[in-house]
Amino acid sequence: MKKRFFLKNRLGEIKNLIHDLVEFGNVHSISDDLVDSLHLAIDEVLTNIISYAYDDDAEHTIVVTIDVQDDRLIIEIEDDGKAFDPIKDYRPDTETPFYERDEIGGYGILIVRRLMDKFFYRREEGKNRFTMIKYR
């Protein structure tokens, strides 16, 4: 069962999506722990897209698709922002002590890597498509 959610590139939109995600989880008997993991992973990805993907102040639509299958959940997030592969393009510095780092941040994808079982990025037709898979 696939469900698509459409939101604008505004941080306040994430709250509404998360409310819909909880409701979706209830309808599809997804455990609270799994919904919490999805919530955090989706929130991290969306926050990065909304904060960094656009060079203009125009309104853009981000599409989040959740596909519930027997043994897994597949989440795809699609945006029309700048090309950015979060899997290979950024590795946060985890070696240098926090207080000595030149840049702070970049840990959202690290969190997603720990929460999800698989993730993929592709750029197609001018859009970023980030897919996450979580086995039940």
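Whatever comes next refers back to the structure up there.
A brief structural summary. Chains are numbered independently. Their residues run from 1 in the order of the written sequence. Under the rules for a predicted model, residues below a pLDDT of 70 receive no local features and side-chain atom pairs below 80 are neither given nor counted, while totals for whole chains, interfaces and linings still include all residues. Side-chain measures here rest on the full set of heavy atoms in the structure, leaving out hydrogens and waters.

## Looking at the side chain of D67
Mapping D67 onto the fold places it in strand 2 (residues 61-68). Polar contacts, as used here, are pairs of N or O atoms within 3.5 Å; protein pairs need one atom able to donate a hydrogen and one able to accept it. Residues neighboring in sequence count only if both atoms are side-chain atoms. Here Q69 takes part through its side chain, which lies 3.0 Å from a polar atom of the side chain of D67. Contacts between residues were defined by any pair of non-hydrogen atoms, one from each residue, lying within 4.5 Å. Discounting residues that sit within four places of it in the chain, D67 has contacts with M1, K2, R72, L73 and I74. Strands are runs of DSSP state E lasting at least two residues, helices are runs of H or I lasting at least four, and both sets are numbered from the N terminus onward.

## A look at the sheet that holds strand 5 (residues 127-135)
Sheet strands pair via backbone hydrogen bonds, and the direction of the pair is either parallel or antiparallel. Note: two strands are recorded as paired if DSSP finds a minimum of 2 bridges between them. Taking strand neighbours across the sheet as the criterion, the 5 strands line up as 1-2-3-5-4 in an open arrangement whose pairing is antiparallel. Of all strands in the sheet, those bounded by a partner on one side alone are strand 1 (2-8) and strand 4 (118-124). Adjacent strand axes in the sheet meet at a mean angle of 15° when their direction is disregarded. Here strand 4 pairs with strand 5 via 7 bridges, running antiparallel. Paired with R122 across the bridge in strand 5 is R129. Under this scheme, a helix contributes an axis fitted over its contacting stretch, all axes are lines through C-alpha atoms, and angles between N-to-C directions fall in the 0 to 180 degree range. In this fold helix 1 (residues 12-27) packs onto strand 1 and strand 2, with an angle of close to 165° to the strand it touches most, strand 1. On the sheet, helix 2 (residues 32-52) packs against strand 1, strand 2, strand 3 (72-79) and strand 5 and is oriented at approximately 15° with respect to strand 3.

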